Every structure is written in C-alpha cells, then in structure tokens.
Amino acid sequence: MSEVVTAGEAMVLLLPPRQGYLRHQPYLEVRVGGAEANTAVALARLGFSVSFLTFLGQDELGELVLNRLRAEGIQVFSKRTRAPTGLYLRECLPSGRGRVFYYRQGSAASFMHPESFSPELLNEAKLFHLSGVTPALSESTRSFTRWILQEARKRNVVVSFDVNYRKKLWVPEEARVFVEDILPLIDILFLSEEDAVLWSEEGFEREEELLGALSAKGPREVVLKRGKRGALGFSNGSFLESRGFPVKEVDPVGAGDAFNAGYLAGFLWGHPLEERLKLGNALGALAVTNLGDYEGAPSREDLFGFLAEDLSLDR
Ligand code: ADP
Ligand code: KDG
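Worth saying up front: this structure is predicted, and the values here are computed from it rather than measured.

K.L.:
Give a detailed account of the overall build of the protein, specifying residues and quantitative values.
P.N.:
Scanning the protein from N- to C-terminus turns up 10 helices and 13 strands. Over its C-alpha trace the protein gives a radius of gyration of 18 Å, about what one expects of a compact globule, namely 20 Å for 315 residues. For the C-alpha atoms alone, the extent of the protein along its principal axes is close to 50 × 50 × 40 Å. Counting across all 315 residues of the protein, residues that qualify as buried make up 55%. When the accessible surface of the protein is summed, it comes to about 14400 Å², and 49% of that surface belongs to carbon and sulfur atoms. Each charge sign in the protein was given a centre, from 36 positive and 43 negative side chains, and these centres are 3 Å apart.

K.L.:
How would you sum up the nonpolar core? Please name residues and give values.
P.N.:
Counting 50 residues, the largest nonpolar core has L43, L69, I74 and Y263 as the members making the most contacts within it. Examining the composition of this core, we find that 8 residues originate from one element, helix α9 (residues 273-288), more than from any other. Counting residues in hydrophobic clusters, the runner-up holds 45 residues, among them V5, L53, A83 and L211.

K.L.:
I'd like a rundown of the pattern of salt bridges, residues and numbers included.
P.N.:
Throughout the structure, instances matching the rule amount to 26 salt bridges. E180 is paired through a salt bridge with K217; the nearest N and O atoms lie 3.2 Å apart. Pair noted here: E180 is in helix α5 (residues 172-182) and K217 is in the loop between α7 (207-216) and β11 (221-225), with a separation of 37 residues, a long-range link. For K217, a relative accessible area of 41% puts it in the partly exposed group. Across the pair E193 and R229 runs a salt bridge, and its minimum N-O distance is 2.4 Å. Of this pair, E193 sits in helix α6 (residues 193-196) while R229 sits in the loop between β11 and β12 (230-235); the two residues are 36 residues apart in sequence, bridging distant segments of the chain. Taking relative accessible area as the criterion, E193 reaches 30% and is therefore assigned partly exposed. Linked by salt bridges that have partners in common, E173, R176, E180, E202 and K217 make up one network.

K.L.:
Please set out the site of ligand 2 residue by residue, giving values where relevant.
P.N.:
Close to ligand 2 lie 14 residues; Y102, R104, R166, D257 and D293 are nearest. Between ligand 2 and the protein, one listed contact pairs an oxygen atom with a side-chain N or O atom of R104 at 2.6 Å. In this structure, an oxygen atom belonging to ligand 2 sits 2.5 Å away from a side-chain N or O atom of D293. A total of 320 Å² of accessible area belongs to ligand 2 in isolation, and the protein chains cover 94% of it.

K.L.:
If you had to explain the site of ligand 1 to someone new, which residues and values would you point to?
P.N.:
As a matter of local geometry, ligand 1 sits amid 16 residues, with G227, G230, E249, G256 and N281 nearest to it. Between an oxygen atom of ligand 1 and a main-chain N or O atom of G256, the distance comes to 2.9 Å. Relative to its unbound accessible surface of 550 Å², ligand 1 loses 85% to contact with the protein. Mapped by element, the contributors of at least two residues to the shell around ligand 1 are α8 (255-268) and α9. A total of 4 residues in the shell around ligand 1 trace back to one element, the largest contributor, which is α9.

Cut-offs applied
Residues numbered from 1 in each chain as written. Chains lettered and ligands numbered in written order. Predicted model: local features only at pLDDT ≥ 70, side-chain atom pairs only at ≥ 80, totals over all residues. Heavy atoms only, no water. Helix = DSSP H or I, 4+ residues; strand = E, 2+ residues; numbered from the N terminus. Rg over C-alpha atoms; globule rule 2.2 N^0.38 Å. Buried < 20%, exposed > 50% of the residue type's maximum accessible area, 1.4 Å probe, protein only. Areas by Shrake-Rupley, 256 points an atom, 1.4 Å probe, with all protein chains shown as cover. Lys, Arg positive; Asp, Glu negative; His and termini not counted. Charge placed at Lys NZ, Arg CZ, Asp CG, Glu CD. Core = buried A, V, L, I, M, F, W, Y, C linked by side-chain atoms within 4.5 Å. Salt bridge = Lys/Arg side-chain N within 4 Å of Asp/Glu carboxyl O. Near = heavy atom within 4 Å. Polar contact = N/O pair within 3.5 Å; in protein donor to acceptor, adjacent residues only side chain to side chain.

So, in structure tokens, the structure goes:
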C-alpha cells in the first residue's frame, strides 16, 4: 500500500531527438509519457511510495511501460487487456512550435471503468491524484473518474486533480461541465493558463476571481500555473504569487505534471503554501530543462541542491 495513489494512461512516447518535421527524422527515441505517470515518477524520485493504476495491452509496448515505471520504484497495478497500449509521438516544427500525435483511441487504458481496481488500494493513501486527461479518454474513463474520486473521498484521502485540458481529446464545453461537476470531490485543484480558457466566457476579469469561484464549488486549494512566470495559489481565503525559476527551456512538455509533484510533495511534507508553490516551480523549471516528459524530475537531494543554488561541480 502506498502513501500516494495515481491512475491514468501511460503511453509509449516516440520523441525525435532534434527539431524538424517528423517525416524527416531518421530515428525516434523510445520513451514513456502520460500526465499522471509523469507526476507519479516525480513523486517517487522525491522518495514517496507511489502506486499507479492503469490498463495496458498484452503487448510489447505494455511491457515497456511496465518496465520503465517499475524501474522508477512505482508499484504498478495494471490489468492487461487485448486492446493495445497507447502510443504518442511528438514533433518540434522548424518554427519551434510543438505538435503531438496520439495513437490512443481504443487503447487499453481507455477501457478503465468503475470497479476496475479494488478500492482497498486507497486504504492507506494520504493522497490520490488524477488529471483531466483520464476522463477525456472515453465515456468509460469518465465513469471511472467519478467512481474513484468518490472512493477516495469515502476514505478521507486528499484528492488532487489537474484540469489538464487536451483539445484533441474533447471539446471545451464538455470538459468544463465535467470538471465543474466533480469539483465537490476535489481538495486541491491545479490548472494552467491554457486550462483557464475553458472559463473565458464566464466574464471573470481577473484570474483571482476564477480561482475564488472554482474554490467555492469544492477545492480548498486552487493553483494556477503560469508557465515561466510561476504560479498563483489560493488557499484559506488568500492568494499568493510565486515566481518561476529562470532556466533555459529545452522541452516544455511535462512541466505541469512536475509542478504538481513538487506542490504535492510540499503538501505531504507539511509545508505552507509559499513553500509548496516554490517546490512546484522548482520541479516545473527542472522539467523544462530536460528532453522528455518526466526525465528532468529530480531526486530529493538534487532538488534541495537546486534550491540552494549550488551549481558548483559535484566532485
Ligand atoms: P503546463 O505544462 O501544464 O502547460 P505551465 O506551462 O504553466 O503548465 O508550466 C507548469 C509550471 O512549470 C509553471 O508554473 C512553472 O513553475 C514551470 N515552468 C514552465 N515553463 C517554464 C520555464 N520556461 N521556465 C521556468 N519554469 C517553467
Ligand atoms: O502533460 C504531459 C502529457 O501531456 C504527456 O505526457 C502526454 O498524457 C499525455 C497527454 O495526454 O497529453
């Protein structure tokens, strides 16, 4: 039994090592990605015991995902099914703009459903984390999301949820309605500035108004991720801004998932909001300096080294 439980789709990621059209890439690096899996890896590297619940295909890609996550010390509870393991490819266009191509429709994880796992897996958890990618996969994962959040709630497990809107998976109105519906089941809500656009027609003039309105529907903490500018947190009726760390961005994908892990680590270590935001920004910054969805996640020692700005050579 783990102190942190997450669930979702972990996919094989084919990543070109350099910029340019995918069609011209002579080879692709074989990696793993998936929003909740990325957060799981980052929390495991910080020393937390983490369980990841998923469905994988009875295929070689499923073995690959399993091997990589287990190598990170994550306890994977996976049902192996006839449907294939999800796959996705990335491309960094000559202009620098990134594109993503999913091969995940009908994937194994899109069949996760209520009661897919024993809810007893949550018995000793302190935290359950999920993102909006999971309910976006299918009607079945949408029901799974509601079910597992309710099971976590019944056991007084703290629930964190990242809106993580993906326009290739569902339309904005569908996502907004779903997220608003589950807000009463969430304790800590994360969203990015791109996610905030889901509420752009609600007439909020300031980001603080949106955060306050979301919190009024359930979550006691709401965190807005603002890219390199850092983050804005709302907790116990007050707002706090936290600046991002100046780093060289190599790959922005996975920054939000890493941020969540930093913030949640701070929460589990009992740190105040200011420190939680700082830890989130540190993990987000370290994530963007590295190629890959989760590879930049630091160990606890490396994180504190980074925070102490000890950039001297370790020898
Ligand atoms: P997402 O990856 O979900 O779209 P953001 O782009 O807001 O979310 O990034 C999440 C967090 O990662 C930010 O709040 C910040 O802490 C960190 N971050 C992202 N981009 C940078 C950057 N270029 N430099 C430093 N930190 C960054
Ligand atoms: O946040 C990073 C994720 O976007 C990436 O790992 C893949 O889960 C993914 C998705 O659905 O976009």
